[in-house]
Amino acid sequence: MAVPQLSLFGIVVDDMSKALAFYRRLGLDIPAEADSQPHVETVLPGGVRLAWDTVETVRSYDPEWKAPTGSHRFAVAFEFPDAQAVDAKYSELVDAGYVGHVEPWNAVWGQRYAIVLDPDGTAIDLYAPLAD
């Protein structure tokens, strides 16, 4: 039996334009006309796709869907070239009004790490290898 290949991560959003504004500020190239779409995808470096669906879109095929409560159960991690880039992106996002969940720190596993929440509360991890 063939092993399945990871191809896409999907995030459910309340407001597509607010969500995409966050991901553009993060550095993703998403066209402006996507703001009014119920489903949007972008291909990330490495070929994995990241997708966003509005609550209405998800409920069109899963009418019982409910947003999770409490802490996040899913995170999307983005690698940056160095620790300074992690710190700069974290500051940029927090200064723009997004919620900083965990300030940048040097993790014991050898990475500079930080967590910011997107407008829907999805944990977005920012990390880079620490210089030796």
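Residues numbered from 1 in each chain as written. Predicted model: local features only at pLDDT ≥ 70, side-chain atom pairs only at ≥ 80, totals over all residues. Heavy atoms only, no water.

As recorded by an unreviewed UniProt entry, the chain carries the name Glyoxalase and is attributed to Streptomyces griseoviridis.

**Topic: the environment of Arg25**
Put simply, the rule reads: Only DSSP runs of H or I with at least four residues qualify as helices, and only runs of E with at least two residues qualify as strands; both kinds are numbered from the N terminus onward. Burial status follows relative accessibility: with a 1.4 Å probe on protein chains alone, a residue under 20% of its type maximum counts as buried, one over 50% as exposed, and anything between as partly exposed. Whether two residues are in contact is decided by their heavy atoms: any pair within 4.5 Å suffices.
Secondary-structure assignment places Arg25 in helix 1 (residues 16-26). Using a relative accessible area of 36% as the deciding quantity, one classes Arg25 as partly exposed. Taking the C-alpha atoms as reference, Arg25 lies 8.7 Å from Lys89; in sequence the two are 64 residues apart. When residues no more than four places from it in sequence are discounted, the contact partners of Arg25 are Lys89, Glu92, Leu93, Ala96 and Tyr98.

**A closer look at the UniProt feature "domain: VOC" (unreviewed entry) in the chain**
Heads up, the rule is: UniProt positions are given in the numbering used here, feature names are shortened, and annotations may be inferred rather than shown by experiment.
Residues annotated in UniProt with the feature "domain: VOC" (unreviewed entry) correspond here to residues 5-129. End C-alpha to end C-alpha, residues 5-129 measures 26 Å, and it is 25% helix and 35% strand.

**Focus on the pattern of salt bridges**
Convention followed: Between Lys or Arg on one side and Asp or Glu on the other, a salt bridge is scored when a side-chain nitrogen of the former is within 4 Å of a carboxyl oxygen of the latter.
According to the stated counting rule, one finds five salt bridges in the structure shown. Notably, a salt bridge pairs Arg25 with Glu92, separated by 3.6 Å at the nearest N-O pair. Of the two residues, Arg25 is situated in helix 1 and Glu92 in helix 3 (residues 83-95); the sequence distance between them amounts to 67 residues.

**Some words on helix 1**
Rules: Arc definition: directions from the helix axis to the C-beta atoms.
Within helix 1 the residues assigned to the buried category are Met16, Ala19, Leu20, Phe22, Tyr23 and Leu26. For helix 1, the buried positions fall inside an angular range of 150 degrees around the axis, keeping them on one side. Downstream of helix 1 by one or two residues, Gly27 has phi in the positive range, about 130 degrees.

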